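What follows is the residue order along each chain.
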Amino acid sequence: MKIVITAGGTREKIDAVRFITNRSTGKMGYAIAEAAAAPGRRVVLISAPTALAAPAGVEFIAVESAAEMAEAVRREAVDARLVIMAAAVADYRPKTVMPGKFKKREGNWVLELERTEDILASLGQSRHPGQVLVGFAAETDDLLANAAGKLERKNLDWIAANDVSRREIGFGSDNNAITLLGRGGRKVELGFGSKRELAEKLLQTVLPRD
Ligand code: CTP
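The shown structure was predicted, so the numbers you read here are calculated from the model rather than taken from an experiment.

### Structural notes on the packing of helix α1 (residues 27-36) against helix α5 (residues 195-206)
Alright, step 1. At a minimum axis distance of 8 Å, the contact between α1 and α5 shows a crossing angle of 55°. Looking at the two axes, α1 sits oblique to α5. Between α1 and α5 the crossing geometry is right-handed. Where α1 approaches α5, its residues Lys27, Met28, Ala31, Ile32, Glu34, Ala35 and Ala36 are matched on the opposing element by Lys195, Arg196, Leu198, Ala199, Glu200, Leu202 and Leu203.
Alright, step 2. Each residue belonging to the contact of α1 with α5 can be placed in one class, and the counts come to nine nonpolar, no polar and five charged.

Okay, here's the thing in structure tokens:
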């Protein structure tokens, strides 16, 4: 069984020395890849830059931007049975990447951003029969309602709802709390635990049985 997992926060270049990114550290995605690695499974981890070492027994693909991640995911997802998008993909990138290093001037600097591709929504549109798609919803407000909206809009099987407003869990923490929402109103409370424990529980729920 081929399993594709994404992790980390993408980097969107502004110029030769600057980029826009987010607070993702990749810990949740790496924990899932580690938990998924087992005989009989081919696990591919597509990762934006993180400070973590690639888990043993996993094929590792390093990417930087949302566009690079989109290309790698498109290529690897074709024959994957399960795709878990734990990466924090930038929703916007600078419209133009300045060559060299931008030099400061008088006055303000207005940076124009354009939308990136929604990788998971594209997968949801092109999925093949039997392929299981899992997304993450990082929310600060209306956690379950927003997560349910993403499940529907992106045509997923499961979404892991993550409250990133709580300091003891989420970005950078070794712990997390996840509620899994599935098609047809299914709701599986994974509760609070280490990211590794939650990775195991998440896989128990989302792994195709046949
Ligand atoms: N995602 C993606 N491509 C993007 C943005 C997000 O594939 N360009 C994926 C993430 O990996 C995650 C899920 O979509 O699994 C939810 O991402 P999130 O940023 O929380 O949701 P958005 O769709 O960006 O919605 P909003 O800005 O309303 O929170």
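### Here we look at the site of the ligand
Alright, step 1. In the vicinity of the ligand, 15 residues are found, and the nearest of them are Met85, Ala87, Phe136, Lys150 and Lys154.
Alright, step 2. Taking Leu120, its main chain carries an N or O atom lying 2.9 Å from an oxygen atom of the ligand.
Alright, step 3. Considered on its own, the ligand offers 580 Å² of accessible surface; in the complex 77% of this is hidden by protein.
Alright, step 4. Of the residues forming the shell around the ligand, the biggest block, three residues, is contributed by strand β9 (residues 132-139).

### Observations regarding the environment of Glu189
Alright, step 1. Tracing the chain through its elements places Glu189 in strand β12 (residues 186-194).
Alright, step 2. Expressed as a C-alpha distance, the spacing of Glu189 and Glu68, which sit 121 residues apart in the sequence, is 33 Å.
Alright, step 3. Filtering out sequence-adjacent residues up to four positions away, Glu189 remains in contact with Ile178 and Thr179.

### Concerning the nonpolar core
Alright, step 1. If you look at the biggest cluster of nonpolar residues, it comprises 30 residues, and the most contacted ones within it are Ile5, Ile32, Leu82, Ile84, Phe136, Ile178 and Leu202.
Alright, step 2. Put simply, the parts of the chain that give this core at least two residues each are β1 (2-7), α1, β4 (42-47), β6 (82-85), β9, β10 (158-163), β11 (175-182) and α5.
Alright, step 3. When near neighbours in sequence (up to four residues on either side) are disregarded, Ile84 contacts Val4, Ile5, Thr6, Ile32, Val134, Phe136, Leu202, Leu203 and Val206.
Alright, step 4. Core analysis: the next-biggest nonpolar cluster, separate from the first, contains 26 residues, Val63, Met69, Ala80 and Leu156 among them.

### Some words on the pattern of salt bridges
Alright, step 1. A full pass over the atoms with the stated rule returns 17 salt bridges.
Alright, step 2. A salt bridge links Asp118 to Lys154, with the nearest nitrogen and oxygen atoms 2.9 Å apart. Taken as a pair, Asp118 in the loop between β8 (113-115) and α3 (119-126) and Lys154 in the loop between α4 (143-153) and β10 lie far apart in primary sequence, 36 residues in all.
Alright, step 3. Because the salt bridges share partners, they merge into one network encompassing Lys2, Glu71, Arg75, Glu76 and Asp79.

### Focus: unusual backbone geometry
Alright, step 1. Within the chain, Asp142 stands out as a residue other than glycine whose phi angle is a positive 45°.
Alright, step 2. Relative to the helices and strands, Asp142 is located in the loop between β9 and α4.
Alright, step 3. A positive phi angle, close to 60°, is found at Asn155, a residue other than glycine.
Alright, step 4. Along the polypeptide, Asn155 turns up in the loop between α4 and β10.

Thresholds applied
Residues numbered from 1 in each chain as written. Predicted model: local features only at pLDDT ≥ 70, side-chain atom pairs only at ≥ 80, totals over all residues. Heavy atoms only, no water. Axes fitted to C-alpha atoms, helices over the stretch in contact; angles between N-to-C directions. Helix = DSSP H or I, 4+ residues; strand = E, 2+ residues; numbered from the N terminus. Parallel < 35°, antiparallel > 145°, perpendicular 65-115°, else oblique. Left-handed = near helix turned anticlockwise from the far one by under 90°. Contact = heavy atoms within 4.5 Å. Nonpolar A, V, L, I, M, F, W, Y, C, P; charged D, E, K, R; others polar. Near = heavy atom within 4 Å. Polar contact = N/O pair within 3.5 Å; in protein donor to acceptor, adjacent residues only side chain to side chain. Areas by Shrake-Rupley, 256 points an atom, 1.4 Å probe, with all protein chains shown as cover. Core = buried A, V, L, I, M, F, W, Y, C linked by side-chain atoms within 4.5 Å. Buried < 20%, exposed > 50% of the residue type's maximum accessible area, 1.4 Å probe, protein only. Salt bridge = Lys/Arg side-chain N within 4 Å of Asp/Glu carboxyl O.

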